[in-house]
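Below are the chains, spelled out letter by letter.
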Amino acid sequence: MSSSFPEFSKRNMFSRVALAFTGIAVPTGAALGADSYVQPILELRAVSSSNLDLDPVTNSESDTYGAIANLSALFGIATPQSTTSILPRLRLQEYADREAVEPVEGSLDFRSTYRAERSEFELFAKYSYRDSYTAELADAEFDPLDPGDPTTPETGINTIGETRQRFDFRPEFTRDVSERTRIGAGLQYQGVRYSSEAALNRVDYDYGRAGAFIGWAIAPRRSFAIGGYASKYEAKNFLNESDAYGATLAFSQQWSETAETRFEVGYESNDIVSDAIPLGESTSNFGANLTSTWEGEVSEWRLTAGRTFTPTGRGGKSITDQLRIQYDRQLSERLWLRGAARYLSDESLSDAGSGGNRDYGRLEFSLQWYMTPTWFIGGGYHYTYQDREIDPEAADDNRFFLSVNYRGLGRERR
C-alpha cells in the first residue's frame with residue numbers, strides 16, 4: 001500500500017535541531033519596517049522522579065534524579081495587517097542511571113495571521129524532535145503558542161531512549177461575505193515518525209484533513225457555524241487506513257473582550273481497512289467539545305472538555321474523552337501560581353488497536369517568585385497516572401522540581 005504523503009528525511013538529530021534554530025535569524029531581516037520584539041527564555045531545572053519509566057512494578061531503582069536546561073526565544077513581528085510569532089526551543093537533559101534518555105530535544109513553532117478588509121488567513125506550523133517520555137506522555141499545561149491543538153496523538157508508551165518526530169501544518173482562510181455571514185476553509189497535515197516501531201504500540205503515520213464551514217452572527221457577540229470535513233489516516237508499517245467524513249455544528253459566545261465560550265458537536269463516520277481485518281470495518285460516532293477561556297486582572301483560566309476523534313501512533317485513530325483545565329493567578333507583586341490538570345481516556349476506533357486503550361491523568365502545580373522583572377525562582381510538583389489495557393497493573397510517577405529562570409521582557413505577558 002503506497003502513501004500519498006511526503007516522507008521525513010533521516011538527517012542526523014543534531015543537524016535537525018541546528019536547522020530548526022536557524023529560524024531565529026529570519027525575523028531580523030523580515031521585520032524591517034515592522035514592529036518586532038525578541039523575548040529570550042532560560043530555565044535551569046533540578047528534578048526528582050519516583051518512576052520515570054512509568055513501570056507498573058517499582059523498586060528502589062525506580063527513583064532517579066536529573067538536570068534539565070530549557071532554552072527558547074519568542075520572536076514577534078507585527079504590521080498593520082499581520083502578526084507573526086516564532087518560537088524555537090531547545091531542551092538539554094540528563095538523568096542519573098538513565099543514560100538512554102535522549103539528551104537533546106528541539107522544536108520550532110510558527111504562527112502567522114494576515115488580515116485584509118474582509119478576510120483573514122492564518123498559518124500554524126510546528127516541528128518537534130523529542131524523547132518518548134516527554135512526547136508520549138501528554139502535559140497538563142496548554143502550549144502557549146498552540147493551546148487549541150486539535151489532536152492527542154500520544155500513545156502512552158514511554159520507552160526511554162526512543163525518540164519521536166512530529167510535524168504539523170494547519171492553514172485556514174476565512175472571509176466575511178456579508179455583515180453577518182462568514183465562510184471559511186482549512187487544511188491539516190500531521191506526520192509522526194518514531195526512531196523504532198513496536199507492533200501496534202508505536203507506529204509511524206500520516207494524517208490529513210480538509211474542511212469548510214459557513215457561520216452566522218446572530219448577535220454582536222454570539223454566532224454559530226455549520227461545517228463538514230473529510231480526513232485520511234495512514235499507518236506506515238501496519239498498512240492500516242481510515243477514511244473519514246464528518247459534520248459539525250458550533251456555537252460561540254464572547255462574554256467580554258477577555259472571556260469566550262465555544263461548544264461544538266459533531267458526527268464522524270470512519271471506513272477502516274487493515275491487514276488485521278480482512279473484511280474491513282466501519283464505525284460511526286458522535287463527538288462534542290467545550291472550550292472556555294477567561295482572563296482577569298490578576299488571574300486567568302482555560303478549559304477544554306469533550307470527545308474527539310484523533311490520530312494516534314497506535315496504528316489507528318481513537319476516540320478520546322478528555323477534560324483539561326489550567327489556572328494562573330498572581331498572588332502578589334512577585335509571586336505567581338499555576339495549576340493544571342488533564343484526564344483522558346483513549347479507545348481505539350478499530351479492534352486491531354484496542355490493546356492500546358488507556359486511562360491517563362496528569363496533575364501539575366508550580367509557584368514562581370520574581371527576584372527582578374526578568375529573573376525568578378520556581379518549584380513544583382507533577383503527578384502522572386496511567387492504566388493501559390495491555391498492562392494489568394496501573395503505574396504512576398511523582399515528580400518534584402526546583403528551577404532558576406530568566407524571561408526577557410516581551411510585549412506580551414507570558
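Residues numbered from 1 in each chain as written. Predicted model: local features only at pLDDT ≥ 70, side-chain atom pairs only at ≥ 80, totals over all residues. Heavy atoms only, no water.

J.: Hey, could you run me through the overall build of the chain in this one?
T.: A tally of helices and strands in the chain yields three helices and 18 strands. Counting only residues that meet the buried cut, the chain has 46% of its 414 residues in that class. Pairs at least 24 apart in sequence give 59% of the contacts found in the chain among residues at least 6 apart. Accessible area of the chain: about 20,000 Å², with a carbon and sulfur share of 57%. (Helix = DSSP H or I, 4+ residues; strand = E, 2+ residues; numbered from the N terminus. Buried < 20%, exposed > 50% of the residue type's maximum accessible area, 1.4 Å probe, protein only. Contact = heavy atoms within 4.5 Å. Areas by Shrake-Rupley, 256 points an atom, 1.4 Å probe, with all protein chains shown as cover.)

J.: Just to check I follow, could you spell out the nonpolar core for this structure?
T.: If you look at the biggest cluster of nonpolar residues, it comprises 14 residues, and the most contacted ones within it are Val 47, Leu 52, Tyr 95, Val 101, Leu 137 and Tyr 360. Not counting the four nearest positions on each side in its chain, Tyr 360 is found in contact with Leu 137, Ala 138, Arg 342, Tyr 343, Leu 344, Thr 384, Tyr 385 and Gln 386. By size, the runner-up hydrophobic cluster in this structure holds seven residues, among which are Tyr 194, Val 203, Tyr 207 and Ala 235. (Core = buried A, V, L, I, M, F, W, Y, C linked by side-chain atoms within 4.5 Å.)

J.: What am I meant to see in the packing of aromatic side chains here?
T.: The geometry of two aromatic rings is summed up by the distance between their centres and the angle between their planes. In total, this model carries seven aromatic pairs according to the counting rule given. When the ring of Trp 216 is compared with that of Phe 224, the centres are 5.3 Å apart and the planes differ by 35 degrees; the resulting orientation is tilted. Residue class for Trp 216 comes out partly exposed when judged on its relative accessible area of 29%. Seen from the ring of Phe 401, Arg 45 lies directly overhead, with NZ or CZ sitting 3.8 Å from the centre. We note Arg 324 situated over the ring of Phe 142; from NZ or CZ to the ring centre the distance is 4.2 Å. (Phe/Tyr/Trp six-rings, centres within 6.5 Å; stacked < 30°, edge-to-face > 60°. Lys NZ or Arg CZ within 6 Å of the ring centre and 35° of its normal.)

J.: Is there a simple way to think about the pattern of salt bridges in this case?
T.: This model, assessed by the stated rule, comprises 29 salt bridges. Between Arg 98 and Asp 53 there is a salt bridge; the shortest N-O distance is 3.0 Å. With Arg 98 in the loop between β3 (82-95) and β4 (104-115) and Asp 53 in the loop between β1 (35-49) and β2 (64-78), this pair connects stretches of sequence that are 45 residues apart. A salt bridge links Arg 166 to Asp 168, with the nearest nitrogen and oxygen atoms 2.6 Å apart. Each member of the pair, Arg 166 together with Asp 168, is buried. Each member of the salt-bridge network shares a partner with another, and the members are Arg 89, Asp 109, Lys 126 and Asp 143. (Salt bridge = Lys/Arg side-chain N within 4 Å of Asp/Glu carboxyl O.)

J.: Got a minute to help me understand the environment of Arg 302 in this structure?
T.: As for its position among the elements, Arg 302 is in strand β13 (residues 299-311). Given the relative accessible area of 25%, Arg 302 is considered partly exposed. As a C-alpha pair, Arg 302 and Phe 142 span 160 residues in sequence and 8.5 Å in three-dimensional space. If near-sequence neighbours (up to four positions away) are discounted, Arg 302 is found in contact with Phe 142, Pro 147, Thr 291, Ser 292, Thr 293, Arg 324, Ile 325 and Gln 326.

J.: How should I be thinking about the confidence of the model for the chain in this particular structure?
T.: Any residue range with low pLDDT should be treated as having predicted coordinates unsuitable for detailed reading. In this model, the chain carries a mean pLDDT of 87, and residues with pLDDT of at least 70 account for 87%. Taken as a whole, residues 1-33 scores under 50 in pLDDT and shows 50 contacts with residues more than four places along the chain or in a different chain. (pLDDT = per-residue confidence, 0-100.)

J.: Please explain a nonpolar patch on the surface as it appears in this structure.
T.: Taken together, the side chains of Val 177, Ile 183, Ile 214, Ile 226, Leu 249, Phe 263 and Val 265 present a nonpolar region at the surface, about 520 Å² in accessible area. Within the fold, Val 265 resides in strand β11 (residues 259-274). (Patch = residues over 30% accessible without salt bridge, like charges linked within 9 Å, V, L, I, M, F, W, Y side chains within 5 Å.)

J.: I'm lost on a negative patch on the surface in this one. Help?
T.: On the surface, a cluster of negative charge is contributed by Glu 61, Glu 94, Asp 97 and Glu 99. One can find Asp 97 in the loop between β3 and β4. (Lys, Arg positive; Asp, Glu negative; His and termini not counted. Charge placed at Lys NZ, Arg CZ, Asp CG, Glu CD.)

J.: Looking at this structure, how should I read the pairing of strand β16 (residues 358-370)?
T.: Consecutive side chains along a regular strand alternate between the two faces of the sheet. Pairing of strand β15 (residues 335-348) with β16, which is carried by 12 bridges, proceeds in the antiparallel orientation. Bridging from a neighbouring strand, Asp 346 pairs with Arg 358 of β16. Here 13 bridges tie β16 to strand β17 (residues 375-388), and the two strands are oriented antiparallel to one another. When the bridges of β17 are listed, Ser 366 appears paired with Gly 380. Linking β16 to β17, which pair antiparallel, is a turn of four residues. (Pairing = 2+ DSSP bridges.)

J.: Honestly, the side chain of Thr 181 in this entry has me stumped. Any pointers?
T.: Summarising the element assignment, Thr 181 is placed in strand β7 (residues 181-194). What makes Thr 181 buried here is its relative accessible area of 15%.

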